[in-house]
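If you want the building blocks of each chain, they are given just below.
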Amino acid sequence: MHSTGMIAGGVLHGKGPSWVALFLLRSTCLWLLTTAQMKIPPETVQKWANEISEQLHAVALKYSGAAILQKKLDDVEPVIWIEDVDGAALVQEFAEEIEKMLGRKMKSVKRLADTAEDADLYHDFNASLEFDYFNSLLINTLDEDGNYVELGGEFPLEENEHFNELQVNTLMSNIQVPTNVYNKDPDILNGVYMSEALNDVFISNFQKDPTLTWQYFGSSTGFFRLYPGIKWTPDPNGVVTFDCRNRNWYIQAATSPKDLIIVVDVSGSMKGLKLTIAKHTINTILDTLGENDFVNIIAYTDYVRYVEPCFEGTLVQADLDNREHFKLLVEELHVKGEGKVKPAMKEAFRVLNEATVNIQGSLCNQAIMLITDGAMENYQSVFEEFNWPEKKVRVFTYLIGRDTTFAENVKWIACNNKGYYTHINTLADVQENVMEYLHVLSRPMVINHDHDIIWTEAYMDSVLFNSMAQSLLLMTTVAMPVFSKKKETLSHGILLGVVGTDVPLLEVMMLVPQHKLGAHGYAFLITNNGYILAHPDLRPLYEDRKKLKPKPNYNSVDLSEAEWEDAEERLRTAMVRGETGTLALDVKVALDKVKRPLFLKHDYFYTSINDTPFSFGMVLTRGHGQFMFFGNVSSEEGLHDLQHPDLTIADGWTYCETDIDPQHRKLTQLQAVVQYLTGAEPDLECDEILLQHLLFDAVVTAPLEAYWTALMLSDSGVDNGVETAFLGTRAGLMRVARYVSTEDLKGRTFLTPADKANVFTVDHFPIWYRLAAENKPGQFFYYVPADNINKGKDTLVAVTSVTVTKGKKTALAGAIGVQMSLDLLERRVWSTAKQSNDTDCSNVEGLCPLTCESIDINCYLVDNNGFIVFSKERSEVGRFFGEIDGSVMAQLLKLGLFQRVTLYDYQAMCKNSHHHSSGARSPLSSIHGLTAVVRWLFSNLLLFLLEFNICGLWHNDYLVDAHKQKKVESMVPCNTEYPGFVYDATIRETNSIIKCGRCQK
């Protein structure tokens, strides 16, 4: 029979650490342990906890220099002042800066569109035109004789910092043509020749706005002109599948928002290849839709059914999640019975008409896509009842298969309902034929010359996968249609193509200085449909076999999935409507890979970005986030202290703008600051307030360098295991002192650029800074940092905050700490957690003297979030204690010694569900006898246990409705490769910003 006894030492406040020494004793003999438990004075274990606490506090205090820095800040308090942060004014200031920045992008695109239209106006089509252009696939390619191949001349390329170190040519653009398009077709040659006029505008735009990235023109004939020019890389099969006409930016700019009902024939005659082609046609249509479009799919035989029953009779938003969900359902379609078109068409018209009456959907174009292998009649009565004479709903027909017996009826349906008829024989025909419907829908807009600028949803910039925070990997595109202005073609509505430019969201968010938002403050952007463009909690990637990959729904994450505590969705609704306002919420913020919750009061400030479909939000935290302090020092004094080898600043922050002048792009932020302050580069644009903070912080923290150096040079030396002292300030300044050589470091990646979580980045302060911010100055917070590089748990971090006070206002000045190896902690535990050999054991039955080194005793130190800091088994360090002994953790929960904190992760990837048996040991037979002792020892303790609501992990095998909307009965199992959150988009607040001129006439 086995049992476990428990004795625990509690938290010591003041000098003591903010974690608990938890000692668990285990024996294979119940009598021995029970007797030993009854004879062990609780004071003994409490004494061990006190001694370990005092020793580690002394180590952290000595080697961090926290007392020295706090005293220095106390000394300068007479010459500093503290100001309130005005969130309402700040959000407007940032929104205006973002508006100006995005406005410059829109002006660049407008210049491209005007130039392309003028070039076409004065170009006469020449069917025999011969013109050599730079084909991006063939450039710099030599034949066997050493001569350049046709369309592949010499095209100089060089690395460019602004374009992610890619080889580019900033003096000219070049042309990409898909493999399925003949690169010397007369339409291609005439279009390329005409669009040569864009080269000068590309260069001029880049000179006027050096923050521009890629600029391009996508032609309706299929070629893609890209600036700066690059060498295009085909896939492993040598094929170029990229077709600009399939890209979201092209489709959205070329067409209006639309409501589509796809009606597909699944009768017995559609078996075999016909059904395969039909499915591919549906998927291709779905790929042409975006988040401003609405869709549903009806399958018919001798009866009508929706492929997704829970979407019956409605339209759903065509976001990525819903499109992928539809594709999965389409794959499950099977043929049977007799095809009866009339009921299906009536149902489709009914849904579209009800959407119009109820002011739902896109409120713009409406269309029915009929996919069938034939129609017995033309069903004129249906159109007379539902669509004539206004013909508000276009009907597009796709005749599948080689049989054309009923082709005339199918063609008549389309032509008499302002649609388009297509005959699809093979899978290869699908892509080009489906795209034709977009040209038809674009005609009213082209004829009216509605040059509306569109902004796309976020998409992934794969070049940046490993270079920055996940939340800033995304980009958006601003695009504009290009029309033919020739008089003879005006009535035909000819779309020449689309021009656009990419806008990295990193560039947008860099306009919001993190130092003004405080330790827990942040900014975010969303679209008019509530989807996140940028947010520090957005995680668009997931790890698959040690490789980072985009999640299937990475660009359709709703704001409510990140700001999930806004249960009533007041914030989301207001921002989607483009309102300006404020909102206060009590929130739980989880740090360190969602392991450590903080309870904060957030003030949200939000407003819209004019002339875009975006809204901007900003968060300030009550307390230290409400204040900012200032102090003056001379530039000379600050410069002296800035130029020390132990000092760095946040290179992701914008102290000085280095991207405007190409000569400045190779400068680090610290180099730029020094050159600006010394007068070497007076033309640099720098943030004067941030520089003022930086200089002050450099001067105030300068004494720490001498202090750390003195410790390293002292006769007594540095305690074995103490590795690094560090500090960070609100200005992004960091000082780091390594007490041991790089080769001897256990935490080699800690505080290095590879350690994104523990350095200052564009969208967050380091983890240790944020943890320290919520602890009292002088009280150290201890935790084991995750090492993502080496996957090891070898170090312990102790960190505390430093503050300044003026009157009743206290502002956070920074955080300071020390990192040490776990070997040091282990030595302290072994030497402290034991009774001396001369202990009187005469009246003790069982183990005596007690020591944690005994094979009969398991000793654990756990931090105040329940994660193991010390264990005999190093592999257990960093793990949640409940994984090691679930029964003890359950008892601690029942005793009220831990508080369960429920968090939701709506961005979790669902994987195969594994039902694990509990690793808990047997319940404590003597737990009731220990209750009084444990309550006494833990009287001042509050630990947090995170319950992570990930679908399929601790809950059932099917997904819950992530948006707390009406119950969706038909859900996707967790063992699919997609997250499967299917939203009922029709009951969500959207604000599609549709202009009537873009809608069907």
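How each quantity is defined
Residues numbered from 1 in each chain as written. Predicted model: local features only at pLDDT ≥ 70, side-chain atom pairs only at ≥ 80, totals over all residues. Heavy atoms only, no water. Helix = DSSP H or I, 4+ residues; strand = E, 2+ residues; numbered from the N terminus. Buried < 20%, exposed > 50% of the residue type's maximum accessible area, 1.4 Å probe, protein only. Contact = heavy atoms within 4.5 Å. Areas by Shrake-Rupley, 256 points an atom, 1.4 Å probe, with all protein chains shown as cover. Disulfide = S-S within 2.5 Å. Salt bridge = Lys/Arg side-chain N within 4 Å of Asp/Glu carboxyl O. Axes fitted to C-alpha atoms, helices over the stretch in contact; angles between N-to-C directions. Parallel < 35°, antiparallel > 145°, perpendicular 65-115°, else oblique. Nonpolar A, V, L, I, M, F, W, Y, C, P; charged D, E, K, R; others polar. 1 Å grid on protein atoms, 1.4 Å probe; cavity = no way out; pocket = protein on both sides within 12 Å on 5 of 7 lines; lining within 4 Å. Points joined across faces, edges and corners; volume = space filled by probe spheres on them. Left-handed = near helix turned anticlockwise from the far one by under 90°. Phe/Tyr/Trp six-rings, centres within 6.5 Å; stacked < 30°, edge-to-face > 60°. Lys NZ or Arg CZ within 6 Å of the ring centre and 35° of its normal. Pairing = 2+ DSSP bridges. pLDDT = per-residue confidence, 0-100.

### What to know about the overall build of the chain
So, step 1. If you tally the helices and strands in the chain, you get 24 helices and 39 strands.
So, step 2. By residue count, 58% of the 1001 residues in the chain fall in the buried class.
So, step 3. Summarising the internal contacts of the chain: among those between residues at least 6 apart in sequence, 72% fall at separations of at least 24.
So, step 4. When the accessible surface of the chain is totalled, it reaches about 41,100 Å², and 51% of it is carbon and sulfur.

### So, the state of the cysteines
So, step 1. Summed over the entire model, instances satisfying the criterion amount to 2 disulfides.
So, step 2. Covalent S-S linkage joins Cys656 and Cys686, the inter-sulfur distance amounting to 2.0 Å. Here Cys656 and Cys686 share a disulfide; its torsion about the S-S bond, 105 degrees, makes the bridge right-handed. Of this pair, Cys656 sits in strand 29 (residues 656-657) while Cys686 sits in strand 30 (residues 685-686); the two residues are 30 residues apart in sequence, bridging distant segments of the chain.
So, step 3. Residue Cys656 is classed as buried on the basis of its relative accessible area of 0%.
So, step 4. Taking relative accessible area as the criterion, Cys686 reaches 17% and is therefore assigned buried.
So, step 5. Two residues, Cys852 and Cys859, share a disulfide whose sulfurs are 1.9 Å apart. Linking Cys852 and Cys859, the disulfide has an S-S dihedral of approximately -95 degrees and is accordingly described as left-handed. Residue Cys852 shares its accessibility class with Cys859, and that shared class is buried.

### Examining the environment of Val168
So, step 1. Examined against the element boundaries, Val168 turns out to sit in strand 5 (residues 166-168).
So, step 2. Judged by relative accessible area, which is 2%, Val168 ranks as buried.
So, step 3. Expressed as a C-alpha distance, the spacing of Val168 and Gly229, which sit 61 residues apart in the sequence, is 5.6 Å.
So, step 4. Those residues within four positions of Val168 in sequence are excluded, and the remaining contacts are Pro156, Leu157, Glu158, Asn160, Phe163, Trp214, Pro228, Gly229 and Ile230.

### Quick look at unusual backbone geometry
Only a minority of non-glycine residues have a phi that is not negative, and only a minority of peptide bonds are not trans.
So, step 1. Cis peptide bonds are those with omega within 30 degrees of zero, and the linkage from Tyr227 to Pro228 qualifies with -5 degrees.
So, step 2. Relative to the assigned elements, Pro228 resides in the loop between strand 8 (224-227) and helix 7 (248-254).
So, step 3. For the bond running from Trp388 to Pro389, omega is 5 degrees, close enough to zero to count as cis.
So, step 4. Structurally, Pro389 can be placed in the loop between helix 11 (380-386) and strand 14 (393-400).
So, step 5. Residue Asn140 is not a glycine yet carries a positive backbone phi of 60 degrees.
So, step 6. Checked against the element boundaries, Asn140 lands in the loop between helix 4 (87-121) and strand 4 (158-160).
So, step 7. Notably, Lys418 is not glycine yet its phi reads approximately 55 degrees, a positive angle.
So, step 8. Note on placement: Lys418 falls in the loop between helix 12 (407-415) and strand 15 (421-424).
So, step 9. The partly exposed category is assigned to Lys418, whose relative accessible area is 28%.

### With respect to the pattern of salt bridges
So, step 1. Inspection of every chain in the model, using the stated rule, returns 37 salt bridges.
So, step 2. One salt bridge connects Arg570 with Glu568, and the closest N-O pair in it is separated by 3.7 Å.
So, step 3. A salt bridge links Arg596 to Asp863; its shortest N-O distance comes to 2.7 Å. In this pair, Arg596 is assigned in strand 25 (residues 596-608) and Asp863 in strand 36 (residues 857-863), connecting sequence segments 267 residues apart.
So, step 4. According to the relative accessible area criterion, Arg596 is buried, its value standing at 2%.
So, step 5. Several salt bridges converge on common partners, so that one network encompasses Lys746, Asp794, Asp823, Glu826 and Arg874.

### Considering the packing of helix 2 (residues 42-64) against helix 19 (residues 688-713)
So, step 1. Across the interface, helix 2 lies against helix 19 with an axial gap of 9 Å and an inter-helix angle of 120 degrees. With respect to helix 19, the axis of helix 2 lies oblique. Residues Leu61, Lys62, Tyr63 and Ser64 of helix 2 form the contact with helix 19, whose own contacting residues are Leu704, Tyr707, Trp708 and Leu711.
So, step 2. Residues that form the contact of helix 2 with helix 19 fall into these classes: 6 nonpolar, 1 polar and 1 charged.

### Some thoughts on empty space enclosed by the protein
So, step 1. This structure, assessed with the given rule, holds 8 cavities of 30 Å³ or more.
So, step 2. Empty space within the largest cavity amounts to approximately 180 Å³.
So, step 3. Secondary structure elements with two or more residues in the lining of the largest cavity: strand 27 (627-631) and strand 35 (809-821).
So, step 4. It is strand 27 that contributes the most residues to the lining of the largest cavity, 3 residues altogether.

### Remarks on the packing of helix 8 (residues 273-287) against helix 13 (residues 430-447)
So, step 1. Axis separation between helix 8 and helix 13 bottoms out at 10 Å; the angle between their running directions is 45 degrees. One element, helix 8, and the other, helix 13, form an angle in the oblique class. The two elements helix 8 and helix 13 cross, and the hand of that crossing is right-handed. Here helix 8 contributes Ile277, His280, Thr281, Thr284 and Ile285 to the contact with helix 13, which in turn contributes Val430, Gln431, Val434 and Tyr437.

### Section: the packing of aromatic side chains
The relation between two aromatic rings is expressed through the spacing of the ring centres and the mutual angle of the planes.
So, step 1. All told, the structure shown has 42 aromatic pairs when counted by the stated rule.
So, step 2. Judged by centre distance (5.2 Å) and plane angle (75 degrees), the ring pair of Trp830 and Phe870 falls under edge-to-face. Of this pair, Trp830 sits in helix 21 (residues 822-832) while Phe870 sits in strand 37 (residues 868-870); the two residues are 40 residues apart in sequence, bridging distant segments of the chain.
So, step 3. Within the aromatic cluster, the residues linked to one another by ring pairs are Trp653, Tyr655, Phe726, Phe750, Phe760, Phe765, Trp768 and Tyr769.
So, step 4. The ring centre of Phe867 lies 4.9 Å from the NZ or CZ of Lys595, which sits over that ring.
So, step 5. Lying across the ring of Phe629, Arg730 places its NZ or CZ 3.8 Å from the centre.

### Some words on the sheet that holds strand 31 (residues 722-729)
Sheets are built from strands that pair by backbone hydrogen bonding, the pairs being arranged parallel or antiparallel.
So, step 1. Ordered in space as 28-32-31-35-34-33, the 6 strands form an open sheet in which the pairing is antiparallel. The open sheet has two edge strands, strand 28 (647-649) and strand 33 (781-783), and neither has a second partner. Neighbour to neighbour, the strand axes of the sheet diverge by 20 degrees on average, direction disregarded.
So, step 2. Most of the contacts of helix 19 go to strand 32 (residues 733-738), to which it runs at about 5 degrees, and overall it touches strand 28, strand 31, strand 32 and strand 35.

### Remarks on the sheet that holds strand 25
So, step 1. Spatial strand order, 21-20-26-25-24: 5 strands in an open sheet with antiparallel pairing. The open sheet is flanked by strand 21 (532-534) and strand 24 (581-591), the only strands paired with a single partner. Mean inter-strand twist for the sheet, computed between neighbouring axes without regard to direction, equals 35 degrees.
So, step 2. By the bridge criterion, 7 bridges tie strand 25 to strand 26 (residues 615-621) in an arrangement that is antiparallel. The partner of Tyr606 across the bridge, within strand 26, is Gly617.

### Description of helix 18 (residues 669-678)
Residue pairs three or four apart in sequence face the same way in an α-helix, which turns once every 3.6 residues.
So, step 1. For helix 18, the full list of buried residues reads Gln669, Ala672, Val673 and Val674.
So, step 2. Trailing helix 18 by a residue or two, Gly679 shows a phi angle of about 85 degrees, which is positive.

### Some points on the confidence of the model for the chain
Any region with low pLDDT has predicted coordinates that should not be read closely.
So, step 1. Mean pLDDT over the chain stands at 82; residues scoring 70 or higher make up 84%.
So, step 2. The least confident element of the chain is strand 1 (residues 3-9), whose mean pLDDT is 31; the most confident is strand 10 (residues 294-300), at 97.
So, step 3. Predicted confidence is poor over residues 463-468, with pLDDT under 50, and the contacts of this stretch with residues over four places away or in other chains come to 14 contacts.
So, step 4. In the model, residues 912-1001 has pLDDT below 50 throughout and makes 226 contacts with residues more than four positions away in sequence or in other chains.

### Some points on the pairing of strand 27
So, step 1. Taken across its 5 residues, strand 27 has 4 buried, putting it largely inside the fold.
So, step 2. Here strand 3 (residues 80-84) pairs with strand 27 via 5 bridges, running antiparallel. The partner of Ile82 across the bridge, within strand 27, is Phe629.

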